[in-house]
4 protein chains.
Amino acid sequence: MNFRSDNIFGCPAAVLDAIARVNETPTHPYGNDPVTARLNPRYSEVFEHEAYVFPVSSGTAANGLSLAAVTPPWGVVFCHRLAHIVRDEWCAPEFFTGGARLLAVEGPDARLDPARLEAQVRLTTHAGRPSTVSVTEATEAGTVYALDELRAIVDVARRHGLQVHMDGARFANALVSLGCSPADLSWRLGVDALSFGATKNGTLTAEGVVVFRKDLAEDVAHRRKRAGQVSSKMRFLSAQLEAYLADDLWLANARAANDAARRLGEGLLAAGIELAAPVQANLVFPRVPAALRDALRARGFEFLDWPALGGDVVRLVCGFATPASHVDALIAACR
Amino acid sequence: MNFRSDNIFGCPAAVLDAIARVNETPTHPYGNDPVTARLNPRYSEVFEHEAYVFPVSSGTAANGLSLAAVTPPWGVVFCHRLAHIVRDEWCAPEFFTGGARLLAVEGPDARLDPARLEAQVRLTTHAGRPSTVSVTEATEAGTVYALDELRAIVDVARRHGLQVHMDGARFANALVSLGCSPADLSWRLGVDALSFGATKNGTLTAEGVVVFRKDLAEDVAHRRKRAGQVSSKMRFLSAQLEAYLADDLWLANARAANDAARRLGEGLLAAGIELAAPVQANLVFPRVPAALRDALRARGFEFLDWPALGGDVVRLVCGFATPASHVDALIAACR
Amino acid sequence: MNFRSDNIFGCPAAVLDAIARVNETPTHPYGNDPVTARLNPRYSEVFEHEAYVFPVSSGTAANGLSLAAVTPPWGVVFCHRLAHIVRDEWCAPEFFTGGARLLAVEGPDARLDPARLEAQVRLTTHAGRPSTVSVTEATEAGTVYALDELRAIVDVARRHGLQVHMDGARFANALVSLGCSPADLSWRLGVDALSFGATKNGTLTAEGVVVFRKDLAEDVAHRRKRAGQVSSKMRFLSAQLEAYLADDLWLANARAANDAARRLGEGLLAAGIELAAPVQANLVFPRVPAALRDALRARGFEFLDWPALGGDVVRLVCGFATPASHVDALIAACR
Amino acid sequence: MNFRSDNIFGCPAAVLDAIARVNETPTHPYGNDPVTARLNPRYSEVFEHEAYVFPVSSGTAANGLSLAAVTPPWGVVFCHRLAHIVRDEWCAPEFFTGGARLLAVEGPDARLDPARLEAQVRLTTHAGRPSTVSVTEATEAGTVYALDELRAIVDVARRHGLQVHMDGARFANALVSLGCSPADLSWRLGVDALSFGATKNGTLTAEGVVVFRKDLAEDVAHRRKRAGQVSSKMRFLSAQLEAYLADDLWLANARAANDAARRLGEGLLAAGIELAAPVQANLVFPRVPAALRDALRARGFEFLDWPALGGDVVRLVCGFATPASHVDALIAACR
């Protein structure tokens, strides 16, 4: 019973079918194929705005390319101390941007605090040029910024002439949590570049970089080629993204994951276990004493320790395919 | 009837089946899964030598990472003027190496000439540090270096302290053309880093970087993370590579492609059409007058003009799934 | 009366004379001249150890090159939050290292705290590879690490396999403050690469990168060329460094600056003004109420506000040529 | 008697005096000083156009920064095969641009041939984005492009949307050779970024980057900081450049060097020695048989072999301070 990561699951049948279907007919390589041709219109429809999507092979690549599109090599990117880009990507942001600086800011529950953000921007005078704010939605602590919280952050950004990047590794989870539209959670807020996560929520090897302006799209196009992210058989990435969006599969998947997490969180609370952060997406961070942790693992539950949120905290991830029985079993085991 | 590229085809059923099979069971992400765990042993077996393989998402990424592993940022990489790395990769080699220089050398049929190579190495005194020779096997002109031709190049490299990189985008095609073993065509020759091409010959989205020494493997591991090439669901790349090697599928595929190309080349010669380069792998470069080119395209044949080999030259690519009937039809149309 | 920076002064007559003397005779360019040839032996003598010095044109270049020599592009450099490399160099460390990460650590009086340093190193698992500790001696707060404080930091570094860089922008000020030898404050401690500051203390345009091992020297040599830091008339930089060391000019200059600062600090304390950090080198950081600040500026005293050490703190810098009368006047004005 | 390089000489008395004068008065660092403040107006006057000059410490830095200002990291820079940027700078252009490609083009006497240039630009489709043409004036072969020759090159650039960089390491030598104005040889032609060489012709450690548009100036300002090229005591570079321009010292120096070279060239021709390129600036490239070469060296003449222009060619450089007697002696020795 595996609660380690959203990445432990593969993909729903619809995504695999889409790959198989594309496999039937030879076509032009490097994205000059009918499936890829349908992507920009489809994303423009989903986002209710001119949108350009670039299928890439990993979330780190999506973050690197989208950050680089809005940050010069001497730029400073402000992000939360727990952001994936600053904690988990092995200097990839520096690689893709050509040497920009990440500057970590504090805030409760992995959310940037606008006042602290603004203070940091003001203090940044000679370290590099304040250029970009990167927000993660949903956050690494399983919380979800409310739209007005994001607006407050974007306000800080705009006041200081900064661009806004959103790491949407769990964008769908945030969407269904907020009950808002993709447009509400992106360009309408002022997001300039979006890492459109899909792998954690139902594709195999496809993520997207999404931008809403033609000039940024041209920049991303150059950077994607140079970074070895133009897949020769791009249609197999495109097909995954297309199937992911079709019939609101992505939202259904995210809803399933979020529901499982909420049920798990409630069950743990009922069992007297504290949570280190509220459950607003598909992640649960309970405080679990060492003895209980060992006992759970002995019974076959897999999960990671998460000291970033406290010495006794573990991370439980629910995915689109987490069985209800696993959630029940985990709650029962904690009682 | 599409002769544009090896990348127009998808994958054989065995590869798709392998993906579907891996999709059935949740497992650890980021390559900590049983399929990926089998890869290094499998490659070591295939190459009859300690080998480390890193699944990546594109040939450009494979080239960039493997070049970077053997070239410092101030290094000079010597390659043929027609090499993919110098003609087609949008400055990706510079990106991955952190700014190394590519220096193009001439030679007949897209093959490096050892004497000219050595002359160029000697002339390179202040441009950067001569560091690496990159050979493409099979070449961009559809020719295949004989083993002793490669040995002569490696000799030059060794005399000047250079590392050897092989762009093996069509490694399998070269193998079956030469009838030698993977070991013969790599470490036994002195190849330090190999871009192990697979996509053109039967995978969907998986290429490999292969190195034969632990220190290089550690370096590649760091670079791969930083380049966003650690797939979170790496098992789906690994499964493709595993299926590609299983039951000598890769060799069978390459043989089919080479055979089709040879038959096509012979048919064209018999039809009185000259070839700009001998057919030794799966590419055919006939000289086709403009009128005939137009006529062929009007009849539904797709192919690219290839002025790099002469003003009237076109490129015809046979893949593992090119139908014999298409080859026959093209020959007939040329008569 | 200017207390803004050590860089407001030019150079002592001996340095200018050395430049003029070198100007008399044509000689080979790019460092192949007799003055530059004398530098490595001279530095080896001063440091009582095989030493390699590379004259460069700025402290930022010295830091960038020396950090890059000991840090891979995916490396993490740990430094104090107030370190010049992380606060003041416009992403130059990222540029020179090819994208390494700087990670700021806290500690009192701009000194790294070994325990916090170790905690940060341990927490750095996926952000990048912990590679380097950078210490600034004397610090940006005008304090000087005691030798055993540095030893404790180097111990942490060694336990975790990290290299040690010292930003010695005010190396001479630290030396005379501690009364130890250049060897004591560098290789004997375990410093791998030293930014040998000279401009602040008496040269015009010459700083040095100093390393103590031949392999590092070769690496720096490559990087220096590539960074445009091989001056065609390098002898004019070399002559400055030679004159700076001759007759212990550097130590005399640093002593003068430190003495002035100490006297200034004592005078301010006697005048009832608090200091935000102890005066151990040539910098004084008094807490000065806004009204007094304005009054001092109105009387012609120039200095910078220094909010990094507290809202009401200003920075007073004494240089090798600060007139005693200016110090007296400032103390008097504060009374 | 040293004919190795223009860099064997130091500076005229006026330049040294300017340094000494600046040394007398403490002032603000990092270019916030009165001397530096005078530079932009002075260059704007000299160039008869809004101009921004950035004093830097080497010609390689000047080239790197100015190329980077007009070339994206995926851009291709077209230059002559003998250009300093492609032959002599240890991958610095790649370093400063973040990985752009240099593409060498042929042409007689180190001059780009517009037709070949255009052909190369057209052939560059996937290697990177054609971005920049770099011309060297005067060239590495001692020739000087006529203004209409440069116009033809700029025409090619403009037709293909490329920017124009001029490596003016010997800009003054070209100016006096052509008898035209700085404006004629730069922005009036369409030069976007100029490496304004000064060290070879009379400064000690100061070169300039000159651009003619505010947006480029802002870009250069960021890049210069990041590259460690903001000298803390910048006034000592600025003073060199100011003195270099004052009273047309730069033109007088260049005229002296060119005259010496012309006299030397004529003397050699009269002595029956062939020249590999016409003498149009301060460089002479005679074909000298090995025996004569040895004899000359035995008599104390110093010069470099220059095989790039032919197996028996040597390079003789006249500088602003080359004694007439040395020229006479060399001619006599060749007779």
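Residues numbered from 1 in each chain as written. Chains lettered and ligands numbered in written order. Predicted model: local features only at pLDDT ≥ 70, side-chain atom pairs only at ≥ 80, totals over all residues. Heavy atoms only, no water.

Asker: Can you walk me through the overall build of chain A in this structure?
Answerer: Scanning chain A for helices and strands turns up 13 helices and ten strands. Taken over the C-alpha trace, chain A has a radius of gyration of 20 Å; the compact-globule value for 335 residues is 20 Å, and the two agree within 12%. Partitioning the contacts of chain A with sequence separation of at least 6, the portion at a separation of at least 24 is 76%. Accessible surface, chain A: about 10,800 Å² in total, of which carbon and sulfur atoms supply 51%. (Helix = DSSP H or I, 4+ residues; strand = E, 2+ residues; numbered from the N terminus. Rg over C-alpha atoms; globule rule 2.2 N^0.38 Å. Contact = heavy atoms within 4.5 Å. Areas by Shrake-Rupley, 256 points an atom, 1.4 Å probe, with all protein chains shown as cover.)

Asker: Looking at this structure, how should I read the interface of chain C and chain D?
Answerer: When the parts of a complex come together, some accessible area is lost, and that lost area is often taken as the interface size. Taken together, the contact pairs 48 residues of chain C with 48 residues of chain D. Interface area for chain C against chain D, summed over the two sides, is near 3,800 Å², with a carbon-plus-sulfur share of 58%. At the surface where chain C touches chain D, the tally comes to zero salt bridges. When residues of the side of chain C that touches chain D are traced back to their parent elements, those giving at least two are helix H1 (13-22), helix H3 (59-70), helix H5 (92-97), helix H9 (214-226) and helix H10 (235-245) of chain C. Looking at the side of chain C that touches chain D residue by residue, the classes come out as 20 nonpolar, 20 polar and eight charged. (Buried area = accessible area lost by both parts, 1.4 Å probe. Salt bridge = Lys/Arg side-chain N within 4 Å of Asp/Glu carboxyl O. Nonpolar A, V, L, I, M, F, W, Y, C, P; charged D, E, K, R; others polar.)

Asker: I'm lost on the relation of the copies chain D and chain B in this one. Help?
Answerer: The two chain copies are related to each other by a rotation about an axis together with a translation along it. With an RMSD of 0.0 Å, the operation that places chain D on chain B is a rotation of 180° combined with a shift of 0.0 Å along the axis. The transformation relating the two chain copies, once decomposed into turn and shift, fits a two-fold axis. When each C-alpha of chain D is compared by its distance to the rotation axis, Gly99 of chain D comes out closest, at 2.4 Å. Most of the interface of chain D is mirrored in chain B: 100% of its interface residues are interface residues there too. (Least-squares fit on C-alpha atoms with pLDDT ≥ 70 in both.)

Asker: Would you mind showing me how to read the pairing of strand E3 (residues 101-105) of chain B here?
Answerer: Residues in a regular strand point their side chains to alternate faces of the sheet. All names here are of chain B. Most of E3 sits out of view: four of its five residues are buried. In terms of strand pairing, strand E2 (residues 75-80) meets E3 through five bridges, oriented parallel. Bridge pairing links Phe78 to Leu103 in E3. (Buried < 20%, exposed > 50% of the residue type's maximum accessible area, 1.4 Å probe, protein only. Pairing = 2+ DSSP bridges.)

Asker: What is the right way to look at helix H13 (residues 324-334) of chain A in this model?
Answerer: Side chains three or four residues apart in an α-helix point the same way, a direct result of the helix having 3.6 residues per turn. All names here are of chain A. Among the residues of H13, Val327, Leu330, Ile331, Ala333 and Cys334 are the ones counted as buried. Down the axis of H13, the buried set is contained in an arc of 165°. They therefore lie on one face. Buried residues along H13 sit in contact with helix H11 (249-270), helix H12 (290-298) and strand E10 (314-317). (Arc of directions from axis to C-beta.)

Asker: Explain the sheet that holds strand E1 (residues 52-56) of chain C to me, please; I cannot follow it from the model alone.
Answerer: Consider a sheet: its strands pair through backbone hydrogen bonds, and that pairing is either parallel or antiparallel. All names here are of chain C. The seven strands lie next to each other as E1-E7-E6-E5-E4-E2-E3, forming an open sheet whose pairing is mixed. The sheet is open, and its two edges are formed by E1 and strand E3 (101-105), each paired on a single side. In this sheet, neighbouring strand axes are inclined to one another by 20° on average, regardless of whether the strands run parallel or antiparallel. Across four bridges, the pairing between strand E2 (residues 75-80) and strand E4 (residues 129-136) is parallel. Within E4, the residue paired with Gly75 across the bridge is Arg129. (Axes fitted to C-alpha atoms, helices over the stretch in contact; angles between N-to-C directions.)

Asker: What's the story with empty space enclosed by the protein in this structure? I'm lost.
Answerer: Over the atoms, a rolling probe the size of a water molecule traces out where space has been left empty. Taken as a whole and judged by the stated rule, the model has 13 cavities of 30 Å³ or more. Roughly 80 Å³ of volume is contained in the largest cavity. Residue lining of the largest cavity: Ser57, Thr205, Ser231 and Leu237 of chain C together with Ser57, Thr205, Gly228, Gln229, Val230, Ser231 and Leu237 of chain D, and that is the complete set. Of the residues belonging to the lining of the largest cavity, the class tally is three nonpolar, eight polar and no charged. (1 Å grid on protein atoms, 1.4 Å probe; cavity = no way out; pocket = protein on both sides within 12 Å on 5 of 7 lines; lining within 4 Å. Points joined across faces, edges and corners; volume = space filled by probe spheres on them.)

Asker: Which parts of the structure should I look at to understand the interface of chain D and chain B?
Answerer: The interface is formed by 21 residues belonging to chain D together with 21 residues belonging to chain B. Buried area between chain D and chain B, both sides added, is near 1,600 Å², and the carbon and sulfur share of it is 54%. Broken down residue by residue, the surface that chain D buries against chain B is led by Trp90, Cys91 and Arg101 of chain D, which jointly contribute 40%. Summed over the shared surface of chain D and chain B, the number is two salt bridges. Of all elements in the fold, only helix H4 (84-87), helix H5 (92-97) and strand E3 (101-105) of chain D reach the threshold of two or more residues within the side of chain D that touches chain B. Take the side of chain D that touches chain B: its biggest share by element is three residues, from H4 of chain D. Among the residues making up the side of chain D that touches chain B, the classes are represented as ten nonpolar, five polar and six charged.

Asker: Whenever I open this one, the sheet that holds strand E9 (residues 304-305) of chain D confuses me. Can you help?
Answerer: All names here are of chain D. Here three strands make up an open sheet; going across it, the order is E8-E10-E9 and the pairing antiparallel. Strands at the two margins of the open sheet, each flanked by one partner only, are strand E8 (283-284) and E9. When E8 meets strand E10 (residues 314-317), the two strands line up antiparallel, connected through two bridges. The partner of Leu283 across the bridge, within E10, is Val317.

Asker: Just to check I follow, could you spell out the relation of the copies chain C and chain D for this structure?
Answerer: In the superposition of chain C on chain D (RMSD 0.0 Å, axial shift 0.0 Å), the rotation amounts to 180°. Comparing interface residues between copies, 100% of those in chain C also sit at the interface in chain D, which points to an isologous, same-surface contact.

Asker: Looking at this model, I keep getting lost on the state of the cysteines. Mind explaining?
Answerer: By definition, a disulfide links the sulfur atoms of two cysteine residues through a covalent bond. The full count for this structure, using the stated rule, is zero disulfides over all chains. Cys334 of chain A takes part in no disulfide bond, and the closest cysteine sulfur to it belongs to Cys318 of chain A, at a distance of 12 Å. (Disulfide = S-S within 2.5 Å.)

Asker: Teacher, can you tell me more about the environment of Lys233 of chain D here?
Answerer: As for its position among the elements, Lys233 of chain D is in the loop between helix H9 (214-226) and helix H10 (235-245). Lys233 of chain D sits in the buried class, given a relative accessible area of 0%. When the C-alpha positions of Lys233 of chain D and Ala198 of chain D are compared, they lie 18 Å apart, and in sequence the two are 35 residues distant. Aside from chain neighbours lying at most four places away, what touches Lys233 of chain D is Asn7, Phe9, Gly10, Thr199, Gly202, Thr203 and Leu204 of chain C. Here Phe9 of chain C takes part through its backbone oxygen, which lies 2.9 Å from a polar atom of the side chain of Lys233 of chain D. (Polar contact = N/O pair within 3.5 Å; in protein donor to acceptor, adjacent residues only side chain to side chain.)

Asker: Which parts of the structure should I look at to understand the packing of helix H8 (residues 171-178) of chain C against helix H11 (residues 249-270) of chain C?
Answerer: Helix-helix packing is characterised by the crossing angle of the two axes and by the distance between the axes. Residues and elements named next belong to chain C. In contact at an axis separation of 8 Å, H8 and H11 are set at 75° when each is read in the N-to-C sense. Judged by the angle between their axes, H8 and H11 are roughly perpendicular. Contacts between H8 and H11 involve Phe171, Ala172, Asn173, Leu175, Val176 and Ser177 from the first element and Trp250, Leu251, Ala254, Arg255, Ala257 and Asn258 from the second. Here the contact of H8 with H11 is composed, by residue class, of eight nonpolar, three polar and one charged. (Parallel < 35°, antiparallel > 145°, perpendicular 65-115°, else oblique.)

Asker: Honestly, unusual backbone geometry in this entry has me stumped. Any pointers?
Answerer: Negative phi characterises most residues that are not glycine, and trans characterises most peptide bonds. For the bond running from Glu137 of chain A to Ala138 of chain A, omega is -10°, close enough to zero to count as cis. Of note, Ala138 of chain A is situated in the loop between strand E4 (129-136) and helix H7 (147-159). One non-glycine residue, Cys91 of chain A, lies in positive phi territory at about 65°. You can see Cys91 of chain A is positioned in the loop between helix H4 (84-87) and helix H5 (92-97). Positive phi values are uncommon outside glycine, yet Asp248 of chain C reaches one of about 55°.

Asker: Would you mind showing me how to read the packing of aromatic side chains here?
Answerer: Geometry of an aromatic ring pair is reported as the spacing of the ring centres plus the angle between the planes. The full count for this structure, using the stated rule, is 54 aromatic pairs over all chains. With a centroid separation of 5.9 Å and an interplanar angle of 65°, the aromatic rings of Phe95 of chain A and Phe96 of chain B are classed as edge-to-face. Residue Phe95 of chain A is found in helix H5, and its partner Phe96 of chain B is found in helix H5 (residues 92-97); the two belong to separate chains. The pair Phe95 of chain A / Phe96 of chain B is uniform in exposure class, with both members buried. Through a chain of ring-to-ring contacts, the aromatic side chains of Tyr43, Phe47, Phe171, Phe196, Phe212, Tyr244 and Trp250 of chain A assemble into a single cluster. Over the ring of Trp90 of chain A we find Lys225 of chain B, and its NZ or CZ is 3.7 Å from the ring centre. (Phe/Tyr/Trp six-rings, centres within 6.5 Å; stacked < 30°, edge-to-face > 60°. Lys NZ or Arg CZ within 6 Å of the ring centre and 35° of its normal.)

Asker: Mind showing me how you'd approach the pattern of salt bridges here?
Answerer: Should their charged atoms come close, side chains of opposite charge can pair. All names here are of chain A. Applying the stated criterion to the full structure yields 92 salt bridges over all chains. The salt bridge partner of Glu302 is Arg4, with a shortest N-O separation of 3.3 Å. One end of the pair, Glu302, is in the loop between H12 and strand E9 (304-305); the other, Arg4, is in the segment before helix H1 (13-22), with 298 residues separating them in the sequence. A relative accessible area of 25% means that Arg4 is categorised as partly exposed. Through salt bridges with shared partners, a single network forms among Arg158, Asp192, Arg213 and Asp215.

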